[in-house]
Amino acid sequence: MAEELLKITDLKVGTRGLEIVKGLTLSMRKGEILGLAGESGCGKSTLIKSVIRLLAPGLAITSGSITFDGIDLLGLSSENARKLRGRRLTLVSQNAVEALNDTRTIGSHFLETMKSHVKIEKKKALREAADLMASLDLSDPERILASYPFELSGGMNQRVLIALAMVMRPELMLADEPTSALDAAVQAQAVSEMIKLREKYGAAILIVTHNLGVLAHMAETVGVMYSGLLVEYGQNQAVMGRPAHPYTQALIAAVPDLQGQMKDTIEGSPPSLGEILPGCDFSPRCQFAQEVCQNVKPELRKLSPDHYAACHLDFKPLDS
Amino acid sequence: MLKYIYRRALQLIPILIGITIINFGIMYLSPSDPAERELVLRGMMVSQETLAAMRADMGLDQPFWIQYGRWVKNLFKGDLGTSFASGRPVMVEIGECLPYTLSLAATAIIMTMVVSIPLGLLSAVRQNGILDYLIRVLTFVGGTMPGFLVGLLLIYVFGLRLKWQPVISDGSWSSMVLPTITLALAMTCKYIRQIRAAILEELDKEYVWGARARGVKEKYILYRNVLKNSMLTIITLLGISIGYLLGGTAIVEIIFTWPGMGKLVMEAINMRDYPIVQGYVIWMAVIFVSVNLITDLSYRLLNPRIRLSEEVA
Ligand SMILES: Nc1ncnc2c1ncn2[C@@H]1O[C@H](COP(=O)(O)OP(=O)(O)OP(=O)(O)O)[C@@H](O)[C@H]1O
Ligand SMILES: [Mg+2]
């Protein structure tokens, strides 16, 4: 087994005593591409922001640990956390146009990022930025560097943002729905850009997406989150091909077909913030729920060497 | 950029024509008769005949437009007529007051900026901290105190009690201290609050989080991004303040007997000295037009979105 890069253990994140992430455990290897899916509000962004130590003011980590390449991330001073961010781990967010400052050129964004981490002269920094963009197949990097964000298309901004995040060659990129705002063709370009990051620079990628197609295409490992916890986790083919948890099955069934019609949306809604169920959080919506599901919280169980699910039912994984 | 300035200058022509017509019109309709004044001034007898002769002599019997044309021509030559009160050219009177107004405006603006930008920034960065709270309370109190009260208090404390400052100013540098503080205090309080609000709004934008996610140093985020983007707000404030200050600040100038434009025009109004008032109105028009132009140009420099769209068009 390859070396472990990121380890999240029993992480709990909350706001005013209400738990958003409820004791999540997850690990990533160096260079691994891990895809996370789950309904809106299940805590994906909160999880990612905890890792990068940029939680919104009202949110706080209440217990658990996060280690990155042996470093205890939660124990770092804020200045040391800053030094790590961008240099060894980085974040790409969904809305690229807003994540860039409209009054400064793309080149200045690269410059200030690089200068925050290393001593480098302007010319050399810009040349490095241009080289990086060229290696990621962005055409005419010099023109891009001289442009303002509003002069570029949304898709181009997103690709620039991905390149920008990679400028210090971090080992881990956290991508929070990096393609959601893009149309299909541009989405494909952004995805192939991220795959290239891994091939050329060996970066591990934790990607959150609602697009199971993107997930199936680029992730090696897939995690499904529900109500602040992982409910299923494992190798891409195992989870996507033989989903074991009823929620995963419903999620996959809900993928829109080619006409964009949702085939089967999941009835009901997850427990609201602060609502505590004694049993499985999915049980009220689960068509297979039994008594035990309402009373006992299921733990992640090993189904096969590369496949885990948190469900009491002994389902034969569904073939699809 | 040059094309833009040129176009803006063209737009000014109708505005200036409007201002001069109104300005001349007020003079034209005013109850005082310049011919009569002229006769009195020269010590001649006022009668129907002498008045008519003097009117013809001064061109006052000609139609409105011809008189207006002559007035504008003189205006371009820098001749705004003579003051009724002193008999001296209006230009000379204004020219004597202007340096006082300019210097007081400059010191008040500089003091305001020097104090309010760092404090506004500090207050925003330490949002809801003790320092922020203190600054907010003080600026609230300071902002509600009327200027004349501040001025009188300062005179009482520093002039009468401590005797650090002259009570009646002599136009020297040191006598500028109290009027400057009086003017700057209210402005500073207003500026701090507005700068704080602008910076907080800017700090909340997503690009700030984006930059933090890349580990960009907080000082770069603050000075090169947030403060720079907040400059638009600051410049808008500045434009308004500069316009207001260059008009002369009547109350402060009168309290401190500071011989600036505000004092000049207040006295002119009291004595119905129309040429001076007229000159003052022209001066105000010049200020507002140029302050507007400069504000617009700085927007353009600071906001590439406006600048570039203009270049393409
Ligand atoms: N700053 C905050 N203060 C209080 N509650 C918050 C805050 N941010 C998020 N939450 C709550 O935490 C929960 C999880 O939010 P999060 O953004 O992590 O979800 P998500 O899985 O990323 O959803 P989406 O797919 O819509 O992005 C939500 O119920 C949300 O209301
Ligand atoms: Mg999210």
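Residues numbered from 1 in each chain as written. Chains lettered and ligands numbered in written order. Predicted model: local features only at pLDDT ≥ 70, side-chain atom pairs only at ≥ 80, totals over all residues. Heavy atoms only, no water.

Describing the overall build of chain B
Across its full length, chain B carries 14 helices and 0 strands. Here chain B has a C-alpha radius of gyration of 25 Å; the compact-globule value for 313 residues is 20 Å, and the former is much larger. Reported as C-alpha extents along the three principal axes, the dimensions of chain B are approximately 90 × 65 × 25 Å. With 313 residues in all, chain B has 44% of them scored as buried. Long-range pairs, those at least 24 residues apart, make up 70% of the contacts in chain B with a sequence separation of at least 6. (Helix = DSSP H or I, 4+ residues; strand = E, 2+ residues; numbered from the N terminus. Rg over C-alpha atoms; globule rule 2.2 N^0.38 Å. Buried < 20%, exposed > 50% of the residue type's maximum accessible area, 1.4 Å probe, protein only. Contact = heavy atoms within 4.5 Å.)

Section: the domain arrangement of chain B
With domains assigned, chain B is organised as domain 1 (2–76) and domain 2 (97–271). Once you take the C-alpha centre of each, domain 1 of chain B and domain 2 of chain B turn out to be 39 Å apart. (Domains from an automatic or database assignment.)

What about the environment of Pro 118 of chain B?
Summarising the element assignment, Pro 118 of chain B is placed in helix α5 (residues 90–125). Each C-alpha atom of the pair Pro 118 of chain B and Arg 196 of chain B lies 9.7 Å from the other, and the pair is 78 residues apart in sequence.

So, the pairing of strand β2 (residues 18–29) of chain A
All names here are of chain A. One ladder, built from 9 bridges, connects strand β1 (residues 4–15) with β2; its direction is antiparallel. Note on β2: the bridge partner recorded for Thr 15 is Leu 18. Where β1 folds back on β2, the antiparallel hairpin that results is connected by 2 residues, among which Arg 16 adopts a positive phi of roughly 45°. (Pairing = 2+ DSSP bridges.)

Quick notes on unusual backbone geometry
Residues and elements named next belong to chain A. A positive phi is found at Asp 137, a non-glycine position, where the angle reads about 65°. The residue Asp 137 is located in the loop between α5 (122–135) and α6 (141–146) in this model. With phi around 50°, Ser 227 is a residue other than glycine that occupies positive phi space. Among the structural elements, Ser 227 can be located in the loop between β9 (221–226) and β10 (229–235). On the basis of relative accessible area, Ser 227 is assigned to the buried category, the value being 8%.

A short note on the site of ligand 1
Residues and elements named next belong to chain A. Surrounding ligand 1, one finds 14 residues, the nearest of these being Ser 40, Gly 41, Lys 44, Ser 45 and Thr 46. Here an oxygen atom of ligand 1 and a side-chain polar atom of Ser 40 are 2.4 Å apart. At a separation of 2.6 Å, an oxygen atom of ligand 1 approaches a polar side-chain atom of Ser 45. Look at ligand 1: alone it shows 640 Å² of surface, and the protein chains cover 65% of it. Looking at the shell around ligand 1, its residues break down into 4 nonpolar, 7 polar and 3 charged. (Near = heavy atom within 4 Å. Polar contact = N/O pair within 3.5 Å; in protein donor to acceptor, adjacent residues only side chain to side chain. Areas by Shrake-Rupley, 256 points an atom, 1.4 Å probe, with all protein chains shown as cover. Nonpolar A, V, L, I, M, F, W, Y, C, P; charged D, E, K, R; others polar.)

Observations concerning the packing of aromatic side chains
All names here are of chain B. The final tally for this structure, using the stated rule, is 12 aromatic pairs over all chains. Where Phe 24 meets Trp 71, the ring centres are 5.6 Å apart and the plane angle is 40°; that geometry is what we call tilted. Here the residue Phe 24 occupies a position in helix α1 (residues 2–29), and Trp 71 occupies one in helix α4 (residues 64–76), the gap between them amounting to 47 residues. Accessibility expressed as a relative area gives 6% for Phe 24, which makes it buried. With relative accessibility at 11%, the residue Trp 71 sits in the buried group. Linked through ring pairs, Phe 24, Phe 64, Trp 65, Tyr 68 and Trp 71 together constitute an aromatic cluster. (Phe/Tyr/Trp six-rings, centres within 6.5 Å; stacked < 30°, edge-to-face > 60°.)

Digging into the pattern of salt bridges
Enumeration according to the criterion identifies 22 salt bridges over all chains in this entry. The partner of Arg 159 of chain A in a salt bridge is Glu 193 of chain A, with the nearest N and O atoms 3.1 Å apart. Remark: Glu 193 of chain A occurs in helix α8 (residues 184–201) and Arg 159 of chain A occurs in helix α7 (residues 154–165); sequence separation between them is 34 residues. Close ionic contact of Glu 96 of chain B with Arg 88 of chain B constitutes a salt bridge, the shortest N to O distance being 3.0 Å. On the basis of relative accessible area, Glu 96 of chain B is assigned to the partly exposed category, the value being 41%. (Salt bridge = Lys/Arg side-chain N within 4 Å of Asp/Glu carboxyl O.)

What about the packing of α1 of chain B against α4 of chain B?
Residue and element names in this part refer to chain B. It is at 10 Å that the axes of α1 and α4 come closest, and there the two elements cross at 115°. As α1 runs across α4, the sense of the crossing is right-handed. Of the residues in α4, those in contact with Ile 17, Thr 20, Ile 21, Asn 23, Phe 24, Gly 25 and Tyr 28 of α1 are Phe 64, Trp 65, Gln 67, Tyr 68, Trp 71, Val 72 and Leu 75. Classifying every residue of the contact of α1 with α4 gives 10 nonpolar, 4 polar and no charged. (Axes fitted to C-alpha atoms, helices over the stretch in contact; angles between N-to-C directions. Left-handed = near helix turned anticlockwise from the far one by under 90°.)

Some thoughts on a positive patch on the surface
There is a patch of like positive charges on the surface, built from Lys 115 and Lys 122 of chain A together with Lys 219 and Arg 224 of chain B. Secondary-structure assignment places Lys 122 of chain A in helix α5. (Patch = residues over 30% accessible without salt bridge, like charges linked within 9 Å, V, L, I, M, F, W, Y side chains within 5 Å. Lys, Arg positive; Asp, Glu negative; His and termini not counted. Charge placed at Lys NZ, Arg CZ, Asp CG, Glu CD.)

A look at the sheet that holds β9 of chain A
All names here are of chain A. Read from one edge to the other, the open sheet built from 8 strands follows the order β6-β7-β8-β3-β9-β10-β12-β11, with strand pairing classed as mixed. Whereas interior strands pair on both sides, the edge strands pair on one side only; in this sheet they are β6 (89–92) and β11 (301–304). Taking each pair of neighbouring strands and ignoring which way they run, the sheet shows an average axis angle of 20°. In the sheet, strand β3 (residues 33–37) pairs with β9 via 4 bridges, with the strands oriented parallel. Each residue of the ladder has a partner; that of Leu 36, found in β9, is Gly 223. Sitting on the sheet, α8 is in contact with β3, β7 (172–176) and β8 (204–208), with an inclination near 170° to β7.

What about the interface of chain B and chain A?
At the junction of the two partners, chain B supplies 20 residues and chain A supplies 31 residues. Summed over the shared surface of chain B and chain A, the number is 0 salt bridges. One can count 12 residue pairs in polar contact (both at pLDDT 80 or more) joining chain B with chain A. Ranked by residues supplied to the side of chain B that touches chain A, first place goes to helix α9 (residues 206–213) of chain B with 6 residues. Classifying every residue of the side of chain B that touches chain A by side-chain character gives 8 nonpolar, 4 polar and 8 charged.

Focus: the sheet that holds strand β4 (residues 60–68) of chain A
Residue and element names in this part refer to chain A. Ordered by their spatial adjacency, 4 strands build an open sheet running β2-β1-β4-β5, and the pairing between neighbours is antiparallel. Edge positions in the open sheet fall to β2 and β5 (71–72), since each of these has one partner strand only. Sheet analysis places β4 next to β5, joined by 2 bridges and oriented antiparallel. Considered in β5, the bridge of Thr 67 is made with Asp 72. Helix-sheet contacts for helix α1 (residues 44–51) involve β1, β2 and β4, and the interaxial angle to β1 is about 120°.

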